[in-house]
Every structure is written in C-alpha cells, then in structure tokens.
Amino acid sequence: MRIWGKIWNENHLVKDITITDDAADTRTHKILRALEQICAAFDLSVPVWLSSNIREFKQTKKARFTQDNFVNEEIPFDYLEIQVLEEDPRA
C-alpha cells in the first residue's frame, strides 16, 4: 500500500511525503500506521478521526484533517490530507 500525505496552505501544496507499507496487516492498520509516520515526518501530533473523515475516506480514499482534528495543537496550515495511491491487490 502507498499513501500520500500532503500539507496544504492557501491552496498550495507546502509539503508532501509518500509512505509505502508492504506488511502483511489489515488495511486499517496500514492506514493508521502511515498517518502516524506522516505526522512524525511533519512534526505533528496525530489527528483525531471524526465521523466526517471516516465517511470521506470510505468514499474517496482521501481524508482531510483541519484544525478541528488537531485537539491540542495549533496548525500553521489549512489542512493535512492523506490519499491512498495504491493498494495491495492481494488484500
């Protein structure tokens, strides 16, 4: 699985990273682990998944995390977005 993490500010891509996870694990675990790695790379706390994020992710394989998702942290950007680029065909 490959997941793309992006930080957006004022409609500009500010930072991005791609995480690859080939572990024999569930899709959910891979996504959560990738989000943790993305946040560590960007020096952010891990955002809280709201029901709207879950719905969006199920429909589009993307989720946007805004200030509402970062409970104890002020973010200096508009949102963090994760997107599944490639999934393991065996999963």
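Residues numbered from 1 in each chain as written. Predicted model: local features only at pLDDT ≥ 70, side-chain atom pairs only at ≥ 80, totals over all residues. Heavy atoms only, no water.

A. Just the overall build of the chain, in detail. On a plain count of helices and strands, the chain comes out with two helices and four strands. Computed over the C-alpha atoms, the radius of gyration of the chain is 13 Å, within 12% of the 12 Å expected from 2.2 N^0.38 for a compact globule of 91 residues. Here the analysis covers contacts within the chain between residues at least 6 apart in sequence; of these, 48% occur between residues at least 24 apart. Taken as a whole, the chain presents about 5800 Å² of accessible surface, with 49% of it coming from carbon and sulfur. Charge centroids of the chain, computed over 12 positive and 16 negative side chains, lie 7 Å from each other. (Helix = DSSP H or I, 4+ residues; strand = E, 2+ residues; numbered from the N terminus. Rg over C-alpha atoms; globule rule 2.2 N^0.38 Å. Contact = heavy atoms within 4.5 Å. Areas by Shrake-Rupley, 256 points an atom, 1.4 Å probe, with all protein chains shown as cover. Lys, Arg positive; Asp, Glu negative; His and termini not counted. Charge placed at Lys NZ, Arg CZ, Asp CG, Glu CD.)

B. The arrangement of the environment of Gln 59 in detail. Its place among the elements puts Gln 59 in helix 2 (residues 51-60). Here Gln 59 falls in the exposed class, since its relative accessible area comes to 65%. Once the C-alpha coordinates of Gln 59 and Glu 73 are considered, the two residues, 14 residues apart in sequence, prove to be 28 Å apart. (Buried < 20%, exposed > 50% of the residue type's maximum accessible area, 1.4 Å probe, protein only.)

C. How the structure looks around helix 1 (residues 27-41). Over its 15 residues, helix 1 extends 21 Å from the first C-alpha to the last, a length consistent with the 21 Å expected when each residue adds 1.5 Å. Where helix 1 ends, the next residue or the one after it, Asp 43, has phi of about 55°, a positive value. (Expected span 1.5 Å × (residues − 1).)

D. Examining the pairing of strand 2 (residues 12-20) more closely. Pairing between strand 1 (residues 2-9) and strand 2: eight bridges, direction antiparallel. Note on strand 2: the bridge partner recorded for Lys 6 is Asp 16. (Pairing = 2+ DSSP bridges.)

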